[in-house]
Amino acid sequence: MTKNSKNIYIIGAGISGLITALELEKSNFKSTIIEATNGVGGRVKTDTVDGFQLDQGFQVLLEAYPKVKQFLDYKALELQTLLPGAVIFKNGTPTTIGDPLRAISLFIPTLTSNIGSVKDKLTIFKLNLELKNKSIEAIFNAEQTTTLHYLKAKGFSDRIINNFFKPFFSGIFLETELRTSSVMFQFVYKMFGEGLAVIPKNGIQAIPNQLQSKLKNTTFKFNTKVKAVEENRIILEDGSVIETDAIVIATEASKLLNLKQEMNWKSCDNLYFEVERNTLKKPIIGLIADEKAIINNIFSLQVLKQKNSITNNHLLSVTVVKQHHLNETELIQKVISELKTYCNITTKRFIKRYEIKQALPDLKLVRYTKDYLKYKHSDSIYLTGDTELNGSLNAAMSSGEAVAKQIVEDFK
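Residues numbered from 1 in each chain as written. Predicted model: local features only at pLDDT ≥ 70, side-chain atom pairs only at ≥ 80, totals over all residues. Heavy atoms only, no water.

Enquirer: Would you explain the packing of aromatic side chains in this entry?
Expert: Each pair of aromatic rings is reported with the distance of its centres and the angle of its planes. Under the defined criterion, the tally for this structure stands at 21 aromatic pairs. Here the aromatic rings of Phe 140 and Tyr 368 are separated by 5.3 Å at their centres, their planes lie at 40°, and the arrangement is tilted. Placement of Phe 140 in helix H6 (residues 136-141) and of Tyr 368 in the loop between strand S19 (347-361) and strand S20 (381-383) is noted, with a sequence separation of 228 residues between them. Residue Tyr 368 is classed as buried on the basis of its relative accessible area, which comes to 15%. Consider the rings of Phe 169 and Phe 173, whose centres lie 5.5 Å apart with planes at 35°: the pair is tilted. Highlighted residues: Phe 169 and Phe 173, both in helix H8 (residues 158-173), separated by 4 residues, approximately one helical turn. Under the relative-accessibility criterion, Phe 169 is labelled buried at 2%. The structure contains a cluster of three or more aromatic residues connected by ring pairs, namely Tyr 150, Phe 156, Phe 164, Phe 165, Phe 168, Phe 169, Phe 173, Phe 185, Tyr 189 and Phe 192. Its guanidinium or amino end placed over the ring of Phe 411, Lys 6 lies 4.7 Å from that ring's centre, counting from NZ or CZ. Directly above the aromatic system of Tyr 375 lies the positively charged group of Lys 370, at a separation of 4.9 Å from the ring centroid. (Phe/Tyr/Trp six-rings, centres within 6.5 Å; stacked < 30°, edge-to-face > 60°. Helix = DSSP H or I, 4+ residues; strand = E, 2+ residues; numbered from the N terminus. Buried < 20%, exposed > 50% of the residue type's maximum accessible area, 1.4 Å probe, protein only. Lys NZ or Arg CZ within 6 Å of the ring centre and 35° of its normal.)

Here is the structure:
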């Protein structure tokens, strides 16, 4: 039996599934990807609504991610660069801070900001230097505690933790208490320091679209839902059964395998509004530092001059991380009120809400990689995805690559 005759199925056309298929093709293996929806991307998708380009959840790409640099063609993505900083809204007053070494326009605002003390700013400088000289492997081999405990141990004051670190990293980790692993904080902080945050001109879905375009010998079965997975068998929702040599589960595996312990997920709400004027006149993230506010961060998409946009109106993305019990109407009204109160932004109309219940895997302990064999659930079933390592695009790609290598090794 030749390598090409192996019957390999991948469940899920997200980033991990696409990378798995790509790596299998490199070793002359064909695979079939089964996807429940009508397209690729998984949690990395973009819609077009009323001429506006809407990512399903505000997402940025960290260009310093090692696996992202390995698998993506940056030039083809037409990456739009965000300024390395943030506008912090506290008590109705905006304060801009950032990395003046990479954006000189942020030097004076950062120097004169009252977000933290002089000691805090010196501590940030020390942290920057420490993580610049620390390898990714060393970061992930360190003892893991919470991000909040790590920051306090470094000597940061409650003032800068509450005014900057909490609102900024709550938007990344999708939780407001900084209980995410300190290892994940160090990794993401290092990546921010070594590269810029960027957004593809055609939206975040340009990433999986580019990966799909590289696949030449992979078959896709869209709008096909899987009910269960057994050894060498995939049972579809319609009752039909697919016999396989190998199955890669590139989506949440607990229900498909009938596991007792289900994956915990972090959730968020992402709302889009058309606004009267652009308060954020530069491509920079806005953070709401008031504890009473439900909004975590805002971003004006129009400053990126989206390629597909057919309107000159201002598009504002709003992310809500805090847990709430508001219905959609109540949530929209509260966000509209807070935009006016905290940011002096007047909305013209509400466009769309994305309620994202499975935004990031909620992992107490994270890792950068693991032994290939540990991706193997059984003789014919393999697990991949950021759920296996850490909640990042880098981890999704890394795990997909590792699973493909394991399958190739097994079929030798």
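Enquirer: Even after reading the chapter, I still don't get the layout of surface pockets, so can you show me in this structure?
Expert: Rolled over the atoms, a probe as big as a water molecule pinpoints where empty space is left. One number sums up the size of the second largest pocket: a volume of about 540 Å³. Every residue lining the second largest pocket is counted, 21 residues in all, and those nearest its centre are Gln 261, Glu 262, Met 263, Asn 264 and Leu 363. (1 Å grid on protein atoms, 1.4 Å probe; cavity = no way out; pocket = protein on both sides within 12 Å on 5 of 7 lines; lining within 4 Å. Points joined across faces, edges and corners; volume = space filled by probe spheres on them.)

Enquirer: Mind showing me how you'd approach the side chain of Thr 123 here?
Expert: Note that Thr 123 resides in helix H5 (residues 118-132). A distance of 2.7 Å separates a polar side-chain atom of Thr 123 from the backbone oxygen of Lys 119. (Polar contact = N/O pair within 3.5 Å; in protein donor to acceptor, adjacent residues only side chain to side chain.)

Enquirer: Before we go on, may I ask you to explain the sheet that holds strand S17 (residues 295-300) in this structure?
Expert: Pairing between the strands of a sheet comes from backbone hydrogen bonds, and it takes one of two forms, parallel or antiparallel. With respect to topology, 7 strands assemble into an open sheet ordered S8-S7-S16-S17-S18-S15-S19, the strand pairing being mixed. The open sheet terminates on both sides in strands that have one partner only, identified here as strand S8 (93-98) and S19. Across the sheet, the mean angle from the axis of one strand to that of its neighbour is 25°, orientation sign disregarded. With 4 bridges connecting them, strand S7 (residues 85-90) and strand S16 (residues 285-288) associate as parallel partners. Each bridged residue has a counterpart across the sheet, and for Ile 88 the counterpart in S16 is Leu 287. The strands touched by helix H11 (residues 328-343) are S7, strand S15 (265-275), S16, S17, strand S18 (314-320) and S19; relative to S15, the strand with the most contacts, the crossing angle is about 65°. (Pairing = 2+ DSSP bridges. Axes fitted to C-alpha atoms, helices over the stretch in contact; angles between N-to-C directions. Contact = heavy atoms within 4.5 Å.)

Enquirer: Before we go on, may I ask you to explain the pairing of strand S9 (residues 197-200) in this structure?
Expert: Residues in a regular strand project their side chains so that they alternate between the two faces of the sheet. Every second residue of S9 is oriented toward a common face, with Ala 197 and Ile 199 on one face and Val 198 and Pro 200 on the other, all of them buried. Both strand S5 (residues 61-62) and S9 contribute to a ladder of 2 bridges, which runs antiparallel. Residue pairing in the sheet places Leu 61 in a bridge with Val 198 of S9.

Enquirer: How do you make sense of the pairing of strand S4 (residues 52-55) when you look at a structure like this?
Expert: Covered by surrounding structure in S4 are Phe 52 and Leu 54 together with Gln 53 and Asp 55, the residues of both alternating faces. Here strand S3 (residues 46-49) runs beside S4; their pairing, made up of 4 bridges, is antiparallel. For Val 49, the partnering residue across the bridge sits in S4 and is Phe 52. Between S3 and S4, which pair antiparallel in sequence order, lie 2 residues; one of them, Asp 50, sits at a positive phi of approximately 55°.

So, to be careful, I would describe these as geometric facts and stop short of saying anything about function.
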